[in-house]
Amino acid sequence: MDHHAVHVVEGVDPRLSLTRSDADSPLDLPPILLLHGFGSSSRQNWVETGWVRFLNEAGRNVIMVDLPAHGDSAAPEDAGSYAPSRMRADILQALFDARVLPLRSDVPGSGVDVVGYSLGSRLAWEFGATQPELVRRMVLGGPCTADPLAAFDLEGAELFLAGGPASQDPTTADLLRMAQAGPHNDLPALLAMVSAIKTEPFDPQQAVPKMPLLLVAGDEDEYAEGITDLQEWAPDARIATLPGRNHSNAITSRLFKDAAHAFLA
């Protein structure tokens, strides 16, 4: 895998980690951008679950970006670095660094396909809506109409990390558990991300991606509320359901991988 940092965006170095893994015999198709979820990383979400190996063996080149304060990326002191709009700008820069070209009908490998999970799906939805000249197709895993981080009990989480009682909000407790599961996660920086995300609430109807979408969720995923609304709002979307899977373990499903591969082919 080729691993390097993303370049400066608008005069500020985001110090994001970008990893590229190319297939031995790549097909004449766009590379696939993989966007991980909150409290995870490219390695946890995509490498350790077998996604990168699976996609490479299927002939697809892969680009992964660790979000700020996740994986091998830096944890910026500037709170604005964690805003969704800024993260999308940094992702765009990452694609430029990876030499991704705008879509052209006469260049089959141009543009990019996107697979996002959880927070990565929220960012992908907005990215596809704002960068239609770059994104060909998208697969969104565990998507929802209301970002769970928007309702995160920030004060309760900060109190808990300071030695106080656990938050009484089950969603906050669950998301905090996910964040703590990452062995190298910077928890104060992750809370700074939550605070920044709260300043830019997710409004999927405000900007809707027009390219073909596959919306994927486990039938036990309590976070994937409103997935049928997303399908209704998007002009070219379909849904795939993973039996017996929830938000935590859907990412490991072979059915998920197979559905994504078939859709992006």
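One structure accompanies this document, and this report is about it.

Cut-offs used in this document
Residues numbered from 1 in each chain as written. Predicted model: local features only at pLDDT ≥ 70, side-chain atom pairs only at ≥ 80, totals over all residues. Heavy atoms only, no water. Helix = DSSP H or I, 4+ residues; strand = E, 2+ residues; numbered from the N terminus. Rg over C-alpha atoms; globule rule 2.2 N^0.38 Å. Buried < 20%, exposed > 50% of the residue type's maximum accessible area, 1.4 Å probe, protein only. Contact = heavy atoms within 4.5 Å. Areas by Shrake-Rupley, 256 points an atom, 1.4 Å probe, with all protein chains shown as cover. Core = buried A, V, L, I, M, F, W, Y, C linked by side-chain atoms within 4.5 Å. Salt bridge = Lys/Arg side-chain N within 4 Å of Asp/Glu carboxyl O. Phe/Tyr/Trp six-rings, centres within 6.5 Å; stacked < 30°, edge-to-face > 60°. Lys NZ or Arg CZ within 6 Å of the ring centre and 35° of its normal. Pairing = 2+ DSSP bridges. Right-handed = clockwise from strand over helix to strand, strands pointing away. Polar contact = N/O pair within 3.5 Å; in protein donor to acceptor, adjacent residues only side chain to side chain. Axes fitted to C-alpha atoms, helices over the stretch in contact; angles between N-to-C directions. Parallel < 35°, antiparallel > 145°, perpendicular 65-115°, else oblique.

### Observations concerning the overall build of the protein chain
A tally of regular secondary structure across the protein chain gives nine helices and eight strands. In terms of overall dimensions, the protein chain is globule-like: its C-alpha atoms have a radius of gyration of 17 Å, near the 18 Å expected for 265 residues. Oriented by its inertia axes, the alpha-carbon framework of the protein chain measures out at about 60 × 45 × 35 Å. Taken across its 265 residues, the protein chain has 55% of its residues classed as buried. Intrachain contacts of the protein chain at a sequence separation of at least 6 include 74% that bridge at least 24 residues. Surface exposure of the protein chain reaches about 11500 Å², of which carbon and sulfur atoms provide 49%.

### Things to note about the nonpolar core
Within the largest apolar cluster, 56 residues are counted, with the highest numbers of intra-cluster contacts made by Leu 33 and Phe 152. If you tally residues by element for this core, the top one is helix α7 (residues 187–198), at eight residues. Discounting chain neighbours no more than four positions away, the residues touching Phe 152 are Ala 157, Thr 172, Leu 175, Leu 176, Leu 191, Val 194 and Lys 198. Judged by nonpolar contacts, the second largest core, of 22 residues, contains Val 115, Leu 214, Val 216 and Phe 256.

### Describing the pattern of salt bridges
Applying the stated rule across the entire model yields nine salt bridges. Across the pair Arg 60 and Asp 113 runs a salt bridge, and its minimum N-O distance is 2.7 Å. Linking Arg 60 in the loop between α2 (51–57) and β4 (62–65) with Asp 113 in strand β5 (residues 112–117), this pair joins segments that are 53 residues apart in sequence. Residues Arg 60 and Asp 113 agree in their burial class; the two are buried. A salt bridge links Arg 88 to Glu 126; the shortest N-O distance between them is 2.9 Å.

### Description of the packing of aromatic side chains
Centre-to-centre distance and the angle between the planes together describe a pair of aromatic rings. A full pass over the atoms with the stated rule returns three aromatic pairs. For the ring pair Trp 51 and Phe 256, a centre distance of 4.9 Å and an interplane angle of 85° mean the geometry is edge-to-face. One end of the pair, Trp 51, is in helix α2; the other, Phe 256, is in helix α9 (residues 254–264), and 205 residues separate them in sequence. When sorted by exposure, Trp 51 lands in the same class as Phe 256, which is buried. A connected cluster of aromatic rings, assembled from ring pairs, spans Trp 46, Trp 51, Tyr 117 and Phe 256. Residue placement shows Arg 137 over the ring face of Phe 263; its charged tip is 4.7 Å from the ring centre.

### With respect to the pairing of strand β8 (residues 237–242)
Along any regular strand, the residues point their side chains to alternate faces of the sheet. Taken together, the six bridges between strand β7 (residues 213–218) and β8 define a ladder with parallel strand orientation. Its bridge partner lying in β8, Val 216 is registered against Ala 240. In this region the chain leaves β7, passes through helix α8 (residues 227–233) and returns to the parallel neighbour β8; the handedness of that crossover is right-handed.

### Considerations on the environment of Phe 160
Tracing the chain through its elements places Phe 160 in helix α5 (residues 154–161). Note on Phe 160: relative accessible area 28%, which makes it partly exposed. On a C-alpha basis, the gap between Phe 160 and Gly 142 in space is 27 Å, while along the polypeptide they are 18 residues apart. Those residues in contact with Phe 160, other than ones at most four positions away along the chain, are Pro 165, Ala 166, Leu 176 and Gln 180.

### Topic: the environment of Pro 148
By the element assignment, Pro 148 lies in the loop between β6 (135–141) and α5. Put simply, Pro 148 and Phe 202 are 54 residues apart on the chain and 9.7 Å apart in space, counted from C-alpha to C-alpha. Excluding residues within four positions of it along the chain, Pro 148 makes contact with Thr 171, Leu 175 and Tyr 223.

### Some remarks on the side chain of Arg 20
Along the polypeptide, Arg 20 turns up in strand β2 (residues 17–21). A distance of 2.8 Å separates polar atoms of two side chains, one belonging to Arg 20 and the other to Asp 22. A distance of 3.1 Å separates the side chain of Arg 20 from the backbone oxygen of Ala 98, its partner in a polar contact.

### Comments concerning the packing of α5 against α7
Look at α5 against α7: their axes get within 11 Å of each other, and the N-to-C directions meet at 175°. The pairing of α5 with α7 is recorded here as roughly antiparallel in orientation. Here Leu 154, Ala 157, Glu 158 and Leu 161 of α5 come into contact with α7, specifically with Leu 187, Leu 191, Val 194, Ser 195 and Lys 198.

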